[in-house]
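The primary structure of each chain is shown beneath.
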Amino acid sequence: MSLVIALIVIAVVVVAIVAWVIGIYNGLARARIRVKEAWSGIDVQLKRRSSLIPNIVETVKGYAAHEKEVLENVTRARAMLDRAATPGQAAQADNMLTGALRSLFAVAEAYPDLKANTNFLELQRELTDTEDKIAYSRQFYNGNVRVYNEKTATVPSSIIAGMFHFEPAEFYEAEEAAREDVKVSFGTN
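Presented here is an overview of the structure given in this document. These numbers come from a predicted model, not from an experiment.

Definitions and limits used
- All residue numbers here refer to positions counted from 1 along the written sequence of the relevant chain.
- For this predicted model, a pLDDT threshold of at least 70 governs which residues receive local features, and a threshold of 80 or more governs which side-chain atom pairs are given and counted, while totals over whole chains, interfaces and linings are taken from all residues.
- Side-chain measures here rest on the full set of heavy atoms in the structure, leaving out hydrogens and waters.
- Segments assigned H or I by DSSP are reported as helices when at least four residues long, segments assigned E as strands when at least two residues long, and all are numbered from the N terminus.
- Per-residue accessibility, obtained with a 1.4 Å probe over protein chains only, is compared with the maximum for each type, and a residue is labelled buried under 20%, exposed over 50%, and partly exposed between these values.
- The contact definition used throughout considers only heavy atoms, calling two residues in contact when any of these lie within 4.5 Å.
- We get accessible surface area from the Shrake-Rupley algorithm with a probe of 1.4 Å; when it comes to residues, only the shown protein chains can shield them.
- Here the nonpolar core consists of buried residues drawn from Ala, Val, Leu, Ile, Met, Phe, Trp, Tyr and Cys, with membership extended through side-chain atoms lying within 4.5 Å.
- Between rings of Phe, Tyr and Trp, where Trp is taken as its six-membered ring, a pair exists when centres lie within 6.5 Å; planes separated by under 30 degrees are stacked, by over 60 edge-to-face, and by other angles tilted.
- Axis geometry follows a simple rule: fit a line to the C-alpha atoms, using only the stretch in contact for helices, then measure angles between N-to-C directions, giving values from 0 to 180 degrees.
- Any angle that falls under 35 degrees is termed roughly parallel, while one over 145 is termed roughly antiparallel, one within 65 to 115 roughly perpendicular, and all others oblique.
- Each crossing gets its hand from how the near helix is turned against the far one by less than a right angle, where anticlockwise is left-handed and clockwise is right-handed.
- Each residue gets one of three labels, nonpolar for Ala, Val, Leu, Ile, Met, Phe, Trp, Tyr, Cys and Pro, charged for Asp, Glu, Lys and Arg, and polar for the others, Gly among them.

A look at the overall build of the protein
No. 1: Secondary structure summary: the protein contains six helices and zero strands in total.
No. 2: Ordering the α and β elements of the protein from the N terminus gives α-α-α-α-α-α.
No. 3: Of all 189 residues assigned to the protein, the portion counted as buried reaches 32%.
No. 4: Long-range pairs, those at least 24 residues apart, make up 77% of the contacts in the protein between residues at least 6 apart in sequence.
No. 5: When the accessible surface of the protein is summed, it comes to about 11800 Å², and 60% of that surface belongs to carbon and sulfur atoms.

The structure is reproduced here in structure tokens:
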């Protein structure tokens, strides 16, 4: 009789351990899926911004034909963003594009007719709205990455994460230049 009880106790312990491992694994898998979903949100907004940029560039081209280098930088940065495969590459390309767009809007400041153009103003509003959505998406993504990375780094889930090859995710980080304050001037040149 005591052998049967011992086998039952062992079976219960084994089932409890298996259930515990499954629970931790499922928590890690859900966290990884939330990270991928959050990255998808950033990707959607980056693509939206990327599709707005040719319209802005074409509108500015008509007014600022001699600002070729600025327009080429915007186009080049947009292409890099479209080709980015990882969050790190996307962040780097996004930072380059943000700088190029700053230059583009600085050029626009020199053309009063362009600043008053309704198409340009609408595109600028859409871009601003998209930038706000990108900022929110980055926060959402980084929050999910933090939760996921905490799970992969803390005991006991780190043991299961190691066994099943759950790798930490990359945070979406701004470069030093992107952290600088943006200077806005409403004065005339």
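Looking at the side chain of Ser 157
No. 1: For Ser 157, the position within the fold is in helix 6 (residues 157–163).
No. 2: The buried category is assigned to Ser 157, whose relative accessible area is 11%.
No. 3: Sequence-distant contacts of Ser 157, that is, excluding residues within four places in its chain, are made with Ile 24, Leu 28 and Lys 151.

Digging into the nonpolar core
No. 1: Of all hydrophobic cores here, the largest spans 43 residues; its most connected members are Ile 56, Val 74, Leu 101, Leu 104, Tyr 141 and Tyr 172.
No. 2: Of all the secondary-structure elements, those providing two or more residues to this core are helix 1 (2–63), helix 2 (68–83), helix 3 (87–109), helix 5 (118–153) and helix 6.
No. 3: By residue number, the principal contributor to this core is helix 1, which donates 15 residues.

Some thoughts on the packing of aromatic side chains
No. 1: The tally for this structure, following the rule as stated, stands at five aromatic pairs.
No. 2: Where Tyr 25 meets Phe 164, the ring centres are 4.9 Å apart and the plane angle is 70°; that geometry is what we call edge-to-face. On the criterion of sequence distance, the pair formed by Tyr 25 in helix 1 and Phe 164 in the segment after helix 6 is long-range, its members being 139 residues apart.
No. 3: Judged by its relative accessible area of 39%, Phe 164 is partly exposed.
No. 4: A ring pair is formed by Trp 39 and Tyr 172, whose centres lie 5.9 Å apart and whose planes are at 35°; its orientation type is tilted. Residue Trp 39 is located in helix 1, and its partner Tyr 172 is located in the segment after helix 6; the two are separated by 133 residues in the primary sequence. Tyr 172 matches Trp 39 in its accessibility class, with the two residues each being buried.
No. 5: Connected via pairs of aromatic rings, a cluster forms that spans Tyr 25, Phe 164 and Phe 166.

Describing unusual backbone geometry
No. 1: With an omega dihedral of 10°, the bond running from Val 155 to Pro 156 counts as a cis peptide bond.
No. 2: Within the element layout of this structure, Pro 156 appears in the loop between helix 5 and helix 6.
No. 3: Even without a glycine there, the phi angle at His 165 is positive, about 60°.
No. 4: By secondary structure assignment, the location of His 165 is in the segment after helix 6.
No. 5: Given the relative accessible area of 58%, His 165 is considered exposed.

Describing the packing of helix 2 against helix 3
No. 1: Interhelical geometry of helix 2 versus helix 3 gives an angle of 155° and a closest axis separation of 8 Å. Classified by the interaxial angle, the pair formed by helix 2 and helix 3 is roughly antiparallel. In terms of crossing hand, the pair formed by helix 2 and helix 3 is left-handed. Between helix 2 and helix 3, the contacting residues are Val 70, Leu 71, Asn 73, Val 74, Ala 77, Arg 78, Met 80 and Leu 81 on the first element and Ala 90, Ala 93, Asp 94, Met 96, Leu 97, Ala 100, Leu 101, Ser 103, Leu 104 and Val 107 on the second.
No. 2: When the residues that make up the contact of helix 2 with helix 3 are grouped by side-chain class, the tally is 14 nonpolar, two polar and two charged.

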